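Here's the letter readout for the chains.
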Amino acid sequence: MIGGAEPGPDGRPRCPWGLATEEYVAYHDEEWGRPVHGDDALYERLCLEAFQSGLSWLTILRRREGFRNAFAGFKIESVAAFTDEDAARLLADPGIIRNRAKIEATLANARTLAGWQPGELDTLIWSYAPEPATRPAPQTISDVPAITPESVALSKALKKRGIRFVGPTTAYALMQACGLVDDHLAQCVARGGQPPAGVSGRGTPASPWR
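Counting restarts for each chain, with residues numbered from 1 along the sequence as it is written. For this predicted model, a pLDDT threshold of at least 70 governs which residues receive local features, and a threshold of 80 or more governs which side-chain atom pairs are given and counted, while totals over whole chains, interfaces and linings are taken from all residues. Excluded from the side-chain calculation are hydrogens and water; included are all heavy atoms of the structure.

A. Structural detail: the state of the cysteines. Criterion for a disulfide: a pair of cysteine sulfur atoms at a distance within 2.5 Å. One pass over the full model with this rule turns up 0 disulfides. Sulfur of Cys 15: no disulfide; nearest cysteine sulfur belongs to Cys 188 and is 3.8 Å away. Overall, Cys 15 belongs to the buried group, its relative accessible area being 0%. We note that Cys 178 lacks a disulfide partner, and the nearest cysteine sulfur, in Cys 47, lies 12 Å from it. On the basis of relative accessible area, Cys 178 is assigned to the buried category, the value being 0%. Burial classes follow relative accessibility: with a 1.4 Å probe on protein chains only, a residue under 20% of its type's maximum area counts as buried, one over 50% as exposed, and anything between as partly exposed.

In structure tokens:
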């Protein structure tokens, strides 16, 4: 089946995008589609999805630790306290993507989220998770959407609350990465939330679909 699951390093079927590099195998098997909770963890995913816009996801994946070091582990309260000097430092940091608009959005979003109640970001994002029974398992990669009504609604809700750089496509990538939806292909060994046994490596957040 064109675009269907393909044999992985252990011979078991996987989503074809998850076989492109060793980093993708680890990410596909260990993180993508697994439920993520916690305001800081979800803030990190939001930030990395925004930084990926217009770039290869592998570029972000390979800079993940650089991003974490630069942005204080994506602790919302810490990033919200960043100064103009911190912004200048980030623009000069080769360990991240030095895009002024994306850096400014990351800092602005932290300041906005710092004013929310604990757990509020988690609750808001997960309130847009569709019922699994309404989503048949995709058979090929062409069955996987780039946006959905839920991602459009989530994007609008976040923007209304002051969150920047989160369009419907970014919102859906977040939903895929954080387990609000399971877009592993029907025959994929990782479908259903259980990482395949015997394969390990560095895990990374966000989405390679776009």
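B. Structural detail: the packing of helix H9 (residues 149-160) against helix H10 (residues 168-177). Following both chains from N to C, one finds H9 and H10 inclined at 110°, their axes separated by 8 Å at the closest point. Comparing the axis directions of H9 and H10 gives the class roughly perpendicular. Considering how the two elements wind past one another, H9 and H10 form a crossing that is right-handed. Here Glu 150, Ser 151, Val 152, Leu 154 and Ser 155 of H9 come into contact with H10, specifically with Pro 168, Ala 171, Tyr 172 and Met 175. Only the stretch in contact is used when fitting a helix axis, every axis being a line fitted to C-alpha atoms; angles between N-to-C directions are given from 0 to 180 degrees. Helix numbering and strand numbering both begin at the N terminus, where a helix is a DSSP run of H or I of at least 4 residues and a strand a DSSP run of E of at least 2. An angle below 35 degrees is treated as roughly parallel, one above 145 as roughly antiparallel, one from 65 to 115 as roughly perpendicular, and anything else as oblique. Handedness of a crossing follows from how the near helix is turned relative to the far one, being left-handed for an anticlockwise turn of less than a right angle and right-handed for a clockwise one. Only heavy atoms enter the contact rule, under which two residues are in contact if any of them lie within 4.5 Å.

C. A look at the pattern of salt bridges. By salt bridge we mean one thing: a side-chain nitrogen of Lys or Arg within 4 Å of a carboxyl oxygen of Asp or Glu. For the structure shown, the criterion picks out 14 salt bridges. A salt bridge links Arg 45 to Glu 44; the shortest N-O distance between them is 3.8 Å. Taking relative accessible area as the criterion, Arg 45 reaches 9% and is therefore assigned buried. Notably, a salt bridge pairs Arg 191 with Asp 182, separated by 3.5 Å at the nearest N-O pair. On the basis of relative accessible area, Arg 191 is assigned to the partly exposed category, the value being 25%. Look at Asp 182 and you get partly exposed, because its relative accessible area is 21%. What emerges from the salt-bridge pattern is a single network uniting Glu 31, Glu 44, Arg 45, Arg 64, Glu 65 and Arg 68.

D. Focus on H9. Given a rise of 1.5 Å per residue, 12 residues ought to cover 16 Å, and the 16 Å separating the end C-alpha atoms of H9 matches this to within 8%. For H9, the set of buried residues is Ser 151, Leu 154, Ser 155, Ala 157 and Leu 158. Along the long axis of H9, the arc covered by the buried residues comes to 165°, so they all point the same way. Exposed side of H9, more than 90 degrees from the buried face: Pro 149, Lys 156 and Lys 160 are the residues found there. On its buried side, H9 packs onto helix H2 (39-52), helix H8 (120-126) and H10. Positive phi appears at Gly 162, one or two residues downstream of H9, with a value of about 100°. The span one expects for a helix is its residue count, reduced by one, times 1.5 Å. Within this analysis, the arc is defined by the directions that extend from the helix axis to the C-beta atoms.

E. Summary view of the side chain of Arg 14. Inspection of the secondary structure assignment puts Arg 14 in strand E2 (residues 13-14). Only 3.2 Å separates the side chain of Arg 14 from the backbone oxygen of Arg 12, close enough to count as a polar contact. A distance of 2.9 Å separates the side chain of Arg 14 from the side chain of Asp 29, its partner in a polar contact. Any pair of N or O atoms that falls within 3.5 Å is considered a polar contact. Within protein, one atom must be able to donate a hydrogen and the other to accept it, and sequence-neighbouring residues count only if both atoms are side-chain atoms.

F. Region of the structure containing the side chain of Ser 155. You can see Ser 155 is positioned in helix H9. Here Val 166 takes part through its backbone oxygen, which lies 2.7 Å from a polar atom of the side chain of Ser 155. In this structure Ser 155 touches Val 166, Gly 167, Pro 168 and Ala 171, once residues within four positions along its chain are discounted.

G. View of the nonpolar core. Core analysis: the largest hydrophobic core is formed by 52 residues, its most contacted members being Tyr 43, Phe 67, Phe 71, Leu 90, Leu 121, Ile 125 and Leu 158. Among the elements that line this core, the one with the most residues is H2, at 6 residues. Look past the residues within four positions of Ile 125 in its chain and what remains in contact with it is Leu 42, Leu 46, Leu 154, Leu 174 and Leu 180. We define a nonpolar core as any set of buried Ala, Val, Leu, Ile, Met, Phe, Trp, Tyr and Cys residues linked to one another through side-chain atoms lying within 4.5 Å.

H. How the structure looks around the packing of aromatic side chains. By convention, a stacked pair of Phe, Tyr or Trp rings (six-membered ring in the case of Trp) has centres within 6.5 Å and planes under 30 degrees apart, an edge-to-face pair has planes over 60 apart, and any other such pair is tilted. Taken as a whole and assessed by the stated rule, the structure comprises 9 aromatic pairs. Both rings, one in Tyr 27 and one in Trp 57, keep their centres 6.2 Å apart while their planes meet at 45°; by these two values the pair is tilted. Of the two residues, Tyr 27 is situated in helix H1 (residues 22-30) and Trp 57 in helix H3 (residues 57-61); the sequence distance between them amounts to 30 residues. Exposure remark for Tyr 27: the relative accessible area of 0% places this residue in the buried category. For Trp 57, a relative accessible area of 2% translates into the label buried. An angle of 55° between the planes, with centres 4.8 Å apart, marks the rings of Phe 51 and Phe 67 as tilted. You can see Phe 51 sitting in helix H2 and its partner Phe 67 sitting in helix H4 (residues 64-70), a full 16 residues away along the chain. Two conditions define a charge located above a ring, namely a distance within 6 Å from the ring centre to NZ of Lys or CZ of Arg, and an angle within 35 degrees of the ring normal. One residue, Arg 161, lies across the ring of Trp 116, its end atom 4.1 Å from the ring centre.

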